[in-house]
Amino acid sequence: MAIDRQRLKDLMTRERQKFVAERPKSKALFERAGKSMLAGVPMNWMMKWAGAFPPFVREAQGAHFYDVDGHRYIDLCLGDTGAMTGHSPAATVSAVNQQVARGLTLMLPSEDAIWVAEELQRRFGLPCWQFALSATDANRFSIRLARHITGRSKILVFNWCYHGTVDESFITLQEGRVEARRGNIGPPVDPAITTKVVEFNDLEALEWALEGGDVACVLAEPVMTNVGIVHPRPEYHAALRRITRKYGTLLIIDETHTICAGPSGYTGMEHLQPDFLVFGKPIGGGVPGAAYGFTEQVAKCIADKQSLEDCDTGGIGGTLAGNALSLAAMRVTLEKVLTKAAFDRMIPMAVRWASGVERAILDFGVPWHVTHLGCRAEYMFTPRAPRNGSQAHEAMDFALERFLHLYAMNRGVLLTPFHNMALMCPATTPEDIDHHTKIFRDGLRELVA
Ligand SMILES: Cc1ncc(COP(=O)(O)O)c(C=O)c1O
């Protein structure tokens, strides 16, 4: 069934008015913010919320937050995975409070760093770890190291991937042509110089791109999550690994979002064997931090090429990276929050969310589908699961997406602003999920009735 665009427009106007009318305090703060911040927000993504302005937050706890106007929200965005642990998990807050009183950043290691590295060894099977402040940095550093080791200049990414603000990754394939990604702000060079891009799940294109022997690394999410969820075909990862090895290309698996699959991410679940692995966002329970790990062989190559005199100016670093606060937060979050028991609670919530949405899609006869990966779920405006980024991107419908997000926000549910993603944290309850199912059904009824 096609969506009636006029009806969508009318409903959107009504929802916009409702949003503004019910949030006078956020509106006043937004007007004030416009006088000191670009577009009235501290960070550009915050412009993207579906209302006329973002709701300003008063406080958040677990799976919920309150805005300054007193509205309570079920948070299915969870800071786009940064708060997959739930907001301010008690164990992390307590350890962070203790660390705050004992020194925050020193450019010296603490014992926590060893504990975290040992735990990451156990979870992901990679022997050597380093720390950064964001997943973007961890990806950038892994790419640099891959170039350094292989002596090759290019990297390869999948079409419509997202790995943070990594310059090399803002590139798309449009009708066979490689172009800077739409909206790419001030690229340092044409990304076609640094990057090859192929479709996910296309092994022939991958092999063709790597056989020239100029690609240092493939940077990949094991399941694409940033253009909707795109699962790999069966055996895809085995072939990806075989082909990368065949051409001497290193494989960086970015688990920043796919950690939603379980305590060891998709890598642990599917026994992947990357050369590098990146894990950021929720690793510190919301305190900034990220880790990247690599094989013994990679570690040896790095050590062989390392110069003591220049090790601080090689393009890998960050004054506050590996700081005592991040590492205390990572230690307690890995030990007490992002545990197997937590995933055992979160994953059934995503299944419940997906089956509620699927039932509604069937009942209202819209040509959409729902998919999930661990504690992350997503509906997409296409009847079949996409096989690659292009198919997923083509299925996007910005106006429809914004309506459903605003409809949800006006009824106390926050979805991720970029697509229709819902993430569960350990504190998400069946009642939270059922509330989303109800309002999703109500929204669909209004759209198609
Ligand atoms: C898969 C993946 N990697 C890396 C990043 C970058 O994370 P950050 O913005 O925290 O650096 C993101 C952000 O959305 C991501 O989705």
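See above for the structure.
Quick summary incoming for the structure in this document. Just so it is clear, the model here is predicted, and its values are computed rather than measured.

Time to look at the site of the ligand. Around the ligand, the structure places 14 residues, and the nearest of them are T136, N226, D254, H257 and K281. Note that a nitrogen atom of the ligand is positioned 2.5 Å from one of the side-chain N or O atoms of D254. Within the side chain of K281, a nitrogen or oxygen atom sits 2.5 Å from an oxygen atom of the ligand. Contact with the protein chains removes 89% of the 390 Å² of surface that the ligand exposes when unbound. The dominant element in the shell around the ligand, judged by the number of residues it contributes, is helix α5 (residues 135-150), at three residues. Class assignment for the residues of the shell around the ligand results in two nonpolar, eight polar and four charged.

Across the sheet, four strands lie side by side as β1-β2-β3-β15; this open sheet has mixed pairing. Strands at the two margins of the open sheet, each flanked by one partner only, are β1 (57-61) and β15 (413-414). In this structure, β1 lies alongside strand β2 (residues 64-67), joined through four bridges in antiparallel fashion. What sits directly across from Q61, in β2, is H64.

As a further point, take the environment of F440. As for its placement among the helices and strands, F440 is situated in helix α15 (residues 430-448). The class of F440 is buried, set by a relative accessible area of 4%. Considering only alpha carbons, one finds F440 and I361, 79 residues apart in sequence, at a separation of 9.5 Å. Every residue in contact with F440, bar those within four places of it in the chain, is listed here: V357, A360, I361, W368 and Y379.

In this section: the packing of aromatic side chains. Tallied over the entire structure, the rule returns 21 aromatic pairs. With 5.5 Å between their ring centres and 55° between their planes, F403 and Y407 make a pair best called tilted. Of the two residues, F403 and Y407 both sit in helix α14 (residues 398-409), four residues apart, roughly one turn of that helix. Given a relative accessible area of 0%, F403 falls into the buried group. The aromatic ring of Y407 is capped on one face by R411, whose charged end is 3.5 Å from the ring centroid.

Let us look at the sheet that holds strand β13 (residues 369-373). In spatial order, the strands read β13-β14-β16; together these three strands make up an open sheet with antiparallel pairing. The two strands at the open ends of the sheet, each matched to only one other strand, are β13 and β16 (421-423). With strand direction ignored, the average angle separating the axes of adjacent strands in the sheet is 20°. Bridge analysis of β13 against strand β14 (residues 376-380) gives five bridges, and the strand direction is antiparallel. If you follow T371 over to β14, its bridge partner there is E378.

This part takes up the side chain of T172. Assignment of secondary structure puts T172 in strand β6 (residues 171-174). Under the relative-accessibility criterion, T172 is labelled buried at 0%. Those residues in contact with T172, other than ones at most four positions away along the chain, are N159, W160, R177, V178, E179, A180, R181 and V197.

Here we come to the nonpolar core. Judged by nonpolar contacts, the single largest core of 131 residues is most densely connected at L120, F158, W353, W368, Y379 and M424. With residues near it in sequence (within four places) discarded, L120 still touches G125, W129, F131, F279, I283, A291 and L334.

Our next topic: unusual backbone geometry. Phi is positive for E175, which is not a glycine, with a value near 45°. Mapped onto the secondary structure, E175 falls in the loop between β6 and β7 (177-180). Phi angles above zero are rare outside glycine, and H271 is one such case at about 55°. Relative to the elements of secondary structure, H271 occurs in the loop between α9 (265-270) and β11 (276-279).

What counts and what doesn't
Residues numbered from 1 in each chain as written. Predicted model: local features only at pLDDT ≥ 70, side-chain atom pairs only at ≥ 80, totals over all residues. Heavy atoms only, no water. Near = heavy atom within 4 Å. Polar contact = N/O pair within 3.5 Å; in protein donor to acceptor, adjacent residues only side chain to side chain. Areas by Shrake-Rupley, 256 points an atom, 1.4 Å probe, with all protein chains shown as cover. Helix = DSSP H or I, 4+ residues; strand = E, 2+ residues; numbered from the N terminus. Nonpolar A, V, L, I, M, F, W, Y, C, P; charged D, E, K, R; others polar. Pairing = 2+ DSSP bridges. Buried < 20%, exposed > 50% of the residue type's maximum accessible area, 1.4 Å probe, protein only. Contact = heavy atoms within 4.5 Å. Phe/Tyr/Trp six-rings, centres within 6.5 Å; stacked < 30°, edge-to-face > 60°. Lys NZ or Arg CZ within 6 Å of the ring centre and 35° of its normal. Axes fitted to C-alpha atoms, helices over the stretch in contact; angles between N-to-C directions. Core = buried A, V, L, I, M, F, W, Y, C linked by side-chain atoms within 4.5 Å.

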